[in-house]
Amino acid sequence: MKLTRRAFIGTTAAASLSAPLVNAGGHGRPKVVVIGGGAGGATAARYIAKDSKGEIDVTLVEPSREYYTCFFSNLYLGGFRSMDSIGHSYGTLAAEYGINVVHDWAVGIDRGAKTVTLAGGSTMNYDRLILSPGIDFIDGSVPGWDVSSQNAMPHAYKAGSQTELLKRQIESMPQGGVYAMVAPPNPYRCPPGPYERVSMVAHLLKEINPTAKILIADPKPKFSKQGLFEEGWQKHYGGMIERIGPDFGGDNVSVDAGAMTVTIDGSVEKVDVCNVIPAMKAGRICEIAGITEGNWAPVSAHTMQSRIDENIHVLGDASAQGDMPKSGFSANSQAKVAAMAVRGALTGSKVFPAKFSNTCWSLVDTDDGIKVGATYKATDEKIAKVDGFVSKTGEDAALRKATYEESIGWYAGITSDMFG
Amino acid sequence: MKTLLSMAATILFGVYASTAVAGDPEKGAKVFKKCKACHAVGDGAKNKVGPQLNNIVGNAAGVVEGYKYSKALAAQADAGLIWDEAALSEFLKKPKAYMPGTKMSFSGLKKETDRDNLIAYLATFSDADTLAAAPADEREITLSDATLSIEGDVAYGEYLASDCQTCHQVSGASEGGVPAIVGWPRVEFVYAMHAYKQKVRPNPVMQMMAGGLGDEEIAALAAYFEGLE
């Protein structure tokens, strides 16, 4: 019998189906390992798998089986979304895109051998590695707070149980009690996030505890969409919210989780809920990989490749890329550029010039949405802003409602772009 | 002798003439014979294979009660398609080219005068309010034939489209204030994007996204999204 090439391939395929363990890893397809299944990692994994049409073996490492998006978790606090509605699983990525989804922590990276070690003990090879681990907190950035106090003083800046805990604490506040937020210094995940959160907490308190107060200790002189938020706070929650900026000691804050006190510039405040959002750095795996400079991992704007190791791409919050804010939208946008670059490098597919975009919507109160956005291009130095917009103060109610409705559409869009 | 109907037609035609329709409704009535197998119009008209056509000219697309539209038309309707003279004329010229996925199996009316006459005839069954509310004959912006005739590169469009898919779902599903954009007739997509680019349409996100695109890129996106279902 004459064995044609086609028949030969067919036979091999059949054999590998019947004996997957024997052939696993041994069939010569280029391997991409993605660490982190959020807006950056899930999108990158999906686009590489989808567009390489099986030519690239994609593994996604993500500890959570159910992923709760940080974006829209403030809306859960405000009562506008259920926790279920911001939870997503990885079933479609595994079943429809053929991605090997591994629920484990990556704990080691050997850049010389190009391997990733998991907490469970196994080791995986990669040709390209994509790190999209999000953020971790800087120890000691808020004196008196560490991860062991996160139950007494939740950060709720990684969505899920922390968010539920914070909401429960707010609901349990005594009438006329105080919710305090220790806001983070720049740069941090989701620039409008703390202020949207304040809006959502105020919305909830206005319904259940209208004499309660909100106190923000903020190390930054100004913040994202400040004029819009302050206009909204005045309009919807007059007198409830007080913000102490660095001019009044908002940059000199410590906490005592046992006594439930916040000390601002030497003055001790007893509070009922204390939401501490510490200073942030790249997810720890970037440090372990040895690709950080300072707190973040510097990357090339053209491909999102690490400046330190060209076999590694870093996406989203963890990267130091230039002008883009650390947002889910940004990570999703960067993921598409990285996915294209990775496919180009591994399979020779066409690579188009990188372009990026971002928009951040925030909800101030019912049907009162605001937004800020920009487009970006890649330069040799950084991701550079091209054009942008921001909502205006004094917009009419119909436009604000339309902006909120647009954000709902965006949420549905980006989560289906991430999870399939 | 004039029947009541044709008198009403004359009056309405007077209104419609102000929006610059060139057709003759009486000649249009003859053209309509080609449509009759599937469409009824006039008093008591009911849906047949196609929807009944009272009040279609100048009205929002996809609003006839009890009619199940194709996905393609429903998506366009969601996106705000108005059956004004320009849109109807484009559609009637070659329905499947204008709207891939339409259920209407009709090869089209090649002659512009036939289309004008037919639309003028159908306009006699539209309410005066509907006609008055319809946008004038002209589109919101003017595009050159050179811009409109760019043959978009589908592969390039697919790449560019990844930017759109952060908000617009590739499945054609839509939620909240973000419309579905799959299956749109190319020409509608091109006009919409240029209208954002020229800041004639108000949404700042779309103005920004379209503002970063050249004519070739808009054509590429139009070609890509038209081919999706």
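The coordinates are above.
Keep in mind it's a predicted model, so treat the numbers as computed, not measured.

(A) Inspection of the overall build of chain A at higher detail. Counting secondary structure elements, chain A contains 11 helices and 24 strands. Out of the 420 residues belonging to chain A, those deemed buried represent 55%. By sequence separation, contacts in chain A at least 24 residues apart represent 67% of the contacts at least 6 residues apart. On chain A, roughly 17,000 Å² of surface is accessible, and the fraction owed to carbon and sulfur atoms is 51%. Of note, chain A has its 41 positive side-chain charges centred 8 Å away from the centre of its 44 negative side-chain charges.

(B) Region of the structure containing the pattern of salt bridges. Residues and elements named next belong to chain A. The full count for this structure, using the stated rule, is 20 salt bridges over all chains. Across the salt bridge formed by Glu287 and Lys281, the nearest N and O atoms sit 3.3 Å from each other. Each of the salt bridges in this network shares a partner with another, and the network as a whole consists of Glu231, Asp368, Glu395 and Arg400.

(C) Molecular detail of the packing of helix α9 (residues 154–164) of chain B against helix α12 (residues 215–226) of chain B. All names here are of chain B. Close contact between α9 and α12 brings their axes to 7 Å; oriented N to C, the two are set at 90°. Of the possible angle classes, the one that applies to α9 and α12 is roughly perpendicular. Touching Val154, Tyr156, Gly157, Glu158, Leu160, Ala161 and Cys164 of α9 are Glu217, Ala220, Leu221, Ala223, Tyr224 and Phe225, all from α12.

(D) Region of the structure containing the packing of aromatic side chains. Following the criterion strictly, the structure yields 28 aromatic pairs over all chains and no others. Considering the side-chain rings of Phe72 of chain A and Trp410 of chain A, the 6.0 Å spacing of their centres and the 65° angle between planes classify their relative orientation as edge-to-face. Here Phe72 of chain A, found in the loop between β3 (66–68) and α4 (73–78), pairs with Trp410 of chain A, found in helix α11 (residues 397–419); they are 338 residues apart in sequence, far enough to count as distant. Given a relative accessible area of 6%, Trp410 of chain A falls into the buried group. Consider the rings of Trp184 of chain B and Phe189 of chain B, whose centres lie 6.0 Å apart with planes at 75°: the pair is edge-to-face.

(E) Spatial organisation of the sheet that holds strand β24 (residues 383–390) of chain A. Residues and elements named next belong to chain A. Overall, antiparallel pairing links the three strands, which are arranged β22-β23-β24 in an open sheet. The two strands at the open ends of the sheet, each matched to only one other strand, are β22 (355–365) and β24. The mean inter-strand angle of the sheet, taken between neighbouring strand axes irrespective of direction, is 20°. Each of β22 and β23 (368–378) touches α11; the most contacted strand, β23, lies at about 55° to it.

(F) Molecular detail of a positive patch on the surface. Residues and elements named next belong to chain B. Taken together, the side chains of Lys27, Lys30, Lys33, Lys36 and Lys48 define a basic patch exposed on the protein surface. With respect to the helices and strands, the residue Lys36 is situated in the loop between α2 (25–31) and α3 (71–78). For Lys36, a relative accessible area of 45% puts it in the partly exposed group.

(G) Here's a closer look at the sheet that holds strand β6 (residues 106–110) of chain A. All names here are of chain A. The strand order across the open sheet built from three strands is β6-β7-β8, with neighbouring strands paired in antiparallel fashion. At either margin of the open sheet sits one strand with a lone partner, and together these are β6 and β8 (123–125). Strand-to-strand twist of the sheet, defined as the mean angle between neighbouring strand axes without regard to direction, takes the value 25°. Note: β6 against strand β7 (residues 115–118), four bridges, orientation antiparallel. Bridged to Ala106 within β7 is Leu118.

(H) Geometry of helix α7 (residues 193–208) of chain A. For α7 of chain A, spanning 16 residues, the distance from its first C-alpha to its last is 23 Å, which sits close to the expected 22 Å at 1.5 Å a residue. In terms of residue burial, α7 of chain A counts as a mostly covered element, since 13 of its 16 residues are buried.

(I) Representation of the pairing of strand β16 (residues 267–270) of chain A. Residues and elements named next belong to chain A. Bridging between strand β15 (residues 261–264) and β16 involves four bridges; their strand directions are antiparallel. Pairing of Ile264 across the sheet is with Ser267, part of β16. Between β15 and β16, which pair antiparallel in sequence order, lie two residues; one of them, Asp265, sits at a positive phi of approximately 50°.

(J) Broad picture of the nonpolar core. The biggest cluster of nonpolar side chains holds 130 residues, and the ones touching the most others in it are Ile35, Val116, Leu131, Ile214 and Cys274 of chain A. With sequence-adjacent residues up to four places away left out, Leu131 of chain A is seen in contact with Ile35, Ile109, Ile285, Cys286, Ala289, Ile291, Ile312, His313, Val314 and Leu315 of chain A. Phe32, Leu73, Leu109 and Phe125 of chain B belong to the second largest nonpolar core, which has 30 residues in total.

(K) Up close: the pairing of β22 of chain A. All names here are of chain A. For β22, the buried fraction is high: 10 of the 11 residues fall into the buried class. Sheet analysis places β22 next to β23, joined by 10 bridges and oriented antiparallel. Note on β23: the bridge partner recorded for Phe356 is Tyr376. Between β22 and β23, which pair antiparallel one after the other, the connecting turn spans two residues, and Asp367 there sits at a positive phi close to 55°.

(L) Inspection of the interface of chain A and chain B at higher detail. In this complex, chain A contributes 32 residues to the contact, which on the side of chain B involves 22 residues. A combined buried area of about 2,100 Å² lies between chain A and chain B, and 59% of that area is made up of carbon and sulfur atoms. Ranking the residues of chain A by area buried against chain B places Phe352, Lys355 and Phe389 of chain A at the top, with a combined share of 24%. The interface formed by chain A and chain B contains zero salt bridges. In this structure, the connection of chain A to chain B is made through eight residue pairs in polar contact (both at pLDDT 80 or more). Mapped onto the side of chain A that touches chain B, the elements with two or more residues apiece are α3 (41–52), α10 (328–347), β22, β23, β24 and α11 of chain A. With 10 residues, α11 of chain A is the largest single contributor of residues to the side of chain A that touches chain B.

Rules used in this analysis
- Residues numbered from 1 in each chain as written.
- Chains lettered and ligands numbered in written order.
- Predicted model: local features only at pLDDT ≥ 70, side-chain atom pairs only at ≥ 80, totals over all residues.
- Heavy atoms only, no water.
- Helix = DSSP H or I, 4+ residues; strand = E, 2+ residues; numbered from the N terminus.
- Buried < 20%, exposed > 50% of the residue type's maximum accessible area, 1.4 Å probe, protein only.
- Contact = heavy atoms within 4.5 Å.
- Areas by Shrake-Rupley, 256 points an atom, 1.4 Å probe, with all protein chains shown as cover.
- Lys, Arg positive; Asp, Glu negative; His and termini not counted.
- Charge placed at Lys NZ, Arg CZ, Asp CG, Glu CD.
- Salt bridge = Lys/Arg side-chain N within 4 Å of Asp/Glu carboxyl O.
- Axes fitted to C-alpha atoms, helices over the stretch in contact; angles between N-to-C directions.
- Parallel < 35°, antiparallel > 145°, perpendicular 65-115°, else oblique.
- Phe/Tyr/Trp six-rings, centres within 6.5 Å; stacked < 30°, edge-to-face > 60°.
- Pairing = 2+ DSSP bridges.
- Patch = residues over 30% accessible without salt bridge, like charges linked within 9 Å, V, L, I, M, F, W, Y side chains within 5 Å.
- Expected span 1.5 Å × (residues − 1).
- Core = buried A, V, L, I, M, F, W, Y, C linked by side-chain atoms within 4.5 Å.
- Buried area = accessible area lost by both parts, 1.4 Å probe.
- Polar contact = N/O pair within 3.5 Å; in protein donor to acceptor, adjacent residues only side chain to side chain.

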